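Next come the chains, spelled out residue by residue.
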Amino acid sequence: MSTHMTWRNWFDNEQSVWQRVDPILLMLMAGLALFGWMMIASASMDFSAQVHGDSFALMIRHGVYLGLGVLVYGLMVSMPLAFWYRISGLLLLLGFALLVAVLIPGIGYEVNGSWRWINLGIITLQPSEAMKLAMVIYVAGYLVRRQEEVRTRWTGFLKPLLVVALVTSLLLAQPDFGSVVILMATIMGMMFLGGVRPGQFFVTIAVAILSAGLMAVTQTYRVQRLMSFMDPWSEANVFGSGYQLTQALIAFGRGEWLGVGLGNSLQKLFYLPEAHTDFITAIVAEEFGLVGTLLLLLALSALVGRMLWIGWQANEREHPFSAYLCYGVVIIFALQIFINLGVNTGLLPTKGLTLPFISYGGSSLLVCFAMVGLVSRVSAELNGDQAPDPLIREDEA
């Protein structure tokens, strides 16, 4: 009888949690995920037919990841935030283990000169994507536990930066410069919102920018990307390091105001490399035009804005861990959207970063679902007016 009542109470509680999830956030996520699936089907058919012998292979594979993503989202919504707070250190250690494992031959495997993936048989895992989520959860917990130290002493500020430095070294070994930039900017943004002193913050920002500049010019392929970004149409670049950008710009030009129609892109016919992954925005622009691209940008902005609003609500109700989680997720989404759009339009040097919920990429998609699931859990706990777990209270930090 007691066991029956326990399970019944658990079911009633979980049903109540799902009823309190922010519906606007859920609809925005679902709409973007379905639109992304449609665009991947359009952009990948010819590539999929040539590489896999089946025009729908990548579309079906992405559909499997969508199904897994829904399960991941459900898991994140179902787990109390206090659970993630308690295991934040364990998640960080797991992230480190995966970043090391991907560099071990036989476990990790190479694609286009980079060691970024672990083949799990049915699916592939990109540890750098999982590490973004682990770092957000860990730093959110750290800012709550060490709030006074972070705001008053250099040690409180430098400790998480040492962790970031170690993660950065492992990411550069792959190499994955894009994830380094995203991760460093996210953690610095969270630390700033956590109340670090301005002097500490701006000195560290200056050092980080200098370091990023040095990393950019110390590798030949990065220098070539910078040069092609400045003048992609030059004779030396148009069929070399600037080829992707020029083909993406042609796609934008062909799209004009309303686009050539769904499925009618020419650039996806082996003119534009990575048309279904890093440069899918260019295909959206070609098939739906400027109007369609602006509507997509509006939907992505609404998703980010809604998560920011939930974070602000958490901060106003003195749920610091929830607020820092939301802010970290918002920074990651905003940066990836900005960089992907900047790369596709030639405003930024070419760099491989997916567009959340739109680009093909299993690990990226699963982590996006997980991050929005975390924010949805925050909204559910706020709407239920749940008090923070005793471990998260400021007086015990």
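Keep in mind that what you see is a predicted model, and the values were worked out from it rather than measured. (Residues numbered from 1 in each chain as written. Predicted model: local features only at pLDDT ≥ 70, side-chain atom pairs only at ≥ 80, totals over all residues. Heavy atoms only, no water.)

**Notes on the overall build of the protein chain**
Working step 1: Of regular secondary structure, the protein chain possesses 15 helices and three strands.
Working step 2: Within the protein chain, buried positions represent 50% of all 397 residues.
Working step 3: Sequence-distant contacts in the protein chain: of pairs separated by 6 or more residues, those separated by 24 or more amount to 72%.
Working step 4: Total accessible area computed for the protein chain in this model is approximately 18100 Å², and 67% of it derives from carbon and sulfur atoms. (Helix = DSSP H or I, 4+ residues; strand = E, 2+ residues; numbered from the N terminus. Buried < 20%, exposed > 50% of the residue type's maximum accessible area, 1.4 Å probe, protein only. Contact = heavy atoms within 4.5 Å. Areas by Shrake-Rupley, 256 points an atom, 1.4 Å probe, with all protein chains shown as cover.)

**Brief notes about the packing of aromatic side chains**
Two descriptors summarise a pair of aromatic rings, namely the distance from one centre to the other and the angle between the planes of the rings.
Working step 1: Applying the stated criterion across every chain, the model contains eight aromatic pairs.
Working step 2: Ring geometry for tryptophan 154 and phenylalanine 157: centres 5.9 Å apart, planes at 70 degrees, overall edge-to-face. In this pair, tryptophan 154 and phenylalanine 157 are both assigned in helix α8 (residues 154-172), three residues apart and thus about one turn of the helix distant.
Working step 3: Phenylalanine 157 gets classed as buried once you look at its relative accessible area, which sits at 0%.
Working step 4: Linked through ring pairs, Phe333, Phe357 and Phe369 together constitute an aromatic cluster.
Working step 5: Seen from the ring of tyrosine 85, arginine 145 lies directly overhead, with NZ or CZ sitting 5.6 Å from the centre.
Working step 6: Positioned over the ring face of tryptophan 309 is arginine 306, at 4.6 Å from the centre of the ring. (Phe/Tyr/Trp six-rings, centres within 6.5 Å; stacked < 30°, edge-to-face > 60°. Lys NZ or Arg CZ within 6 Å of the ring centre and 35° of its normal.)

**Remarks on the packing of helix α3 (residues 57-78) against helix α15 (residues 362-383)**
Working step 1: Contact geometry of α3 with α15 gives a least axis separation of 8 Å together with a crossing angle of 25 degrees. As the angle between them shows, α3 and α15 are arranged roughly parallel. Between α3 and α15 the crossing geometry is right-handed. The segment α3 lies against α15, with His62, Tyr65, Leu66, Leu68, Gly69, Val70, Val72, Tyr73, Met76, Val77 and Ser78 engaging Gly362, Leu365, Leu366, Phe369, Ala370, Val372, Gly373, Leu374, Ser376 and Arg377.
Working step 2: Of the residues assigned to the contact of α3 with α15, the class counts are 14 nonpolar, six polar and one charged. (Axes fitted to C-alpha atoms, helices over the stretch in contact; angles between N-to-C directions. Parallel < 35°, antiparallel > 145°, perpendicular 65-115°, else oblique. Left-handed = near helix turned anticlockwise from the far one by under 90°. Nonpolar A, V, L, I, M, F, W, Y, C, P; charged D, E, K, R; others polar.)

**Observations regarding helix α12 (residues 243-255)**
The periodicity of an α-helix, 3.6 residues per turn, causes residues three or four positions apart to be oriented the same way.
Working step 1: Taking 1.5 Å as the rise per residue, α12 with 13 residues should run 18 Å; its terminal C-alpha atoms sit 19 Å apart, in good agreement.
Working step 2: Taken as a whole, α12 has its buried residues at Leu245, Thr246, Gln247, Ala248, Ala251 and Gly255. (Expected span 1.5 Å × (residues − 1).)

**Comments concerning the packing of helix α6 (residues 127-145) against helix α9 (residues 177-193)**
Working step 1: Interaxial distance between α6 and α9 falls to 10 Å at its minimum, and their mutual angle equals 15 degrees. Classified by the angle between their axes, α6 and α9 sit roughly parallel to one another. α9 is crossed by α6, and the crossing has right-handed handedness. For the pair formed by α6 and α9, the contact residues are Ser128, Lys132, Met135, Val136, Val139, Ala140 and Leu143 on the first element and Ser179, Ile182, Leu183, Thr186, Ile187, Met190 and Met191 on the second.

**Examining the pattern of salt bridges**
Working step 1: Across all of its chains, the model carries six salt bridges by this definition.
Working step 2: Across the salt bridge formed by lysine 159 and glutamate 149, the nearest N and O atoms sit 3.1 Å from each other. One end of the pair, lysine 159, is in helix α8; the other, glutamate 149, is in helix α7 (residues 147-152), and ten residues separate them in sequence.
Working step 3: Taking the relative accessible area as the measure of exposure, lysine 159 reaches 40% and is therefore partly exposed.
Working step 4: Arginine 254 serves as the salt-bridge partner of glutamate 286, at 2.3 Å between the closest nitrogen and oxygen. With glutamate 286 in helix α13 (residues 280-316) and arginine 254 in helix α12, this residue pair connects regions lying 32 residues apart in the sequence.
Working step 5: Taking relative accessible area as the criterion, glutamate 286 reaches 0% and is therefore assigned buried. (Salt bridge = Lys/Arg side-chain N within 4 Å of Asp/Glu carboxyl O.)

**Some words on a nonpolar patch on the surface**
Working step 1: A cluster of nonpolar residues, Trp257, Leu258, Leu290, Val291, Leu294, Leu295, Leu297 and Leu298, forms a patch on the protein surface that exposes about 830 Å² of accessible area.
Working step 2: With respect to the helices, strands and loops of the structure, leucine 290 is situated in helix α13.
Working step 3: A residue is classified by how much of its surface remains accessible, and leucine 290, at 39% relative accessible area, is partly exposed. (Patch = residues over 30% accessible without salt bridge, like charges linked within 9 Å, V, L, I, M, F, W, Y side chains within 5 Å.)

**Here's the deal with the nonpolar core**
Working step 1: Formed by 102 residues in total, the largest nonpolar core has its most connected members in Met135, Val167, Met190, Met307, Phe333 and Phe357.
Working step 2: At 15 residues, helix α14 (residues 320-345) tops the list of elements feeding residues into this core.
Working step 3: Excluding anything up to four places from it in sequence, methionine 307 contacts Leu25, Cys326, Val329, Val330, Phe333, Val372 and Val375. (Core = buried A, V, L, I, M, F, W, Y, C linked by side-chain atoms within 4.5 Å.)

**Structural notes on α9**
Working step 1: Here α9 contains 17 residues, and its C-alpha end-to-end distance of 25 Å stays within 8% of the 24 Å for a straight helix at 1.5 Å per residue.
Working step 2: A large share of α9 lies buried, amounting to twelve of its 17 residues.
Working step 3: Within α9 the residues assigned to the buried category are Phe177, Gly178, Ser179, Val180, Ile182, Leu183, Thr186, Ile187, Met188, Gly189, Met190 and Met191.
Working step 4: Within two residues after α9, glycine 195 carries a phi angle of roughly 105 degrees, on the positive side.

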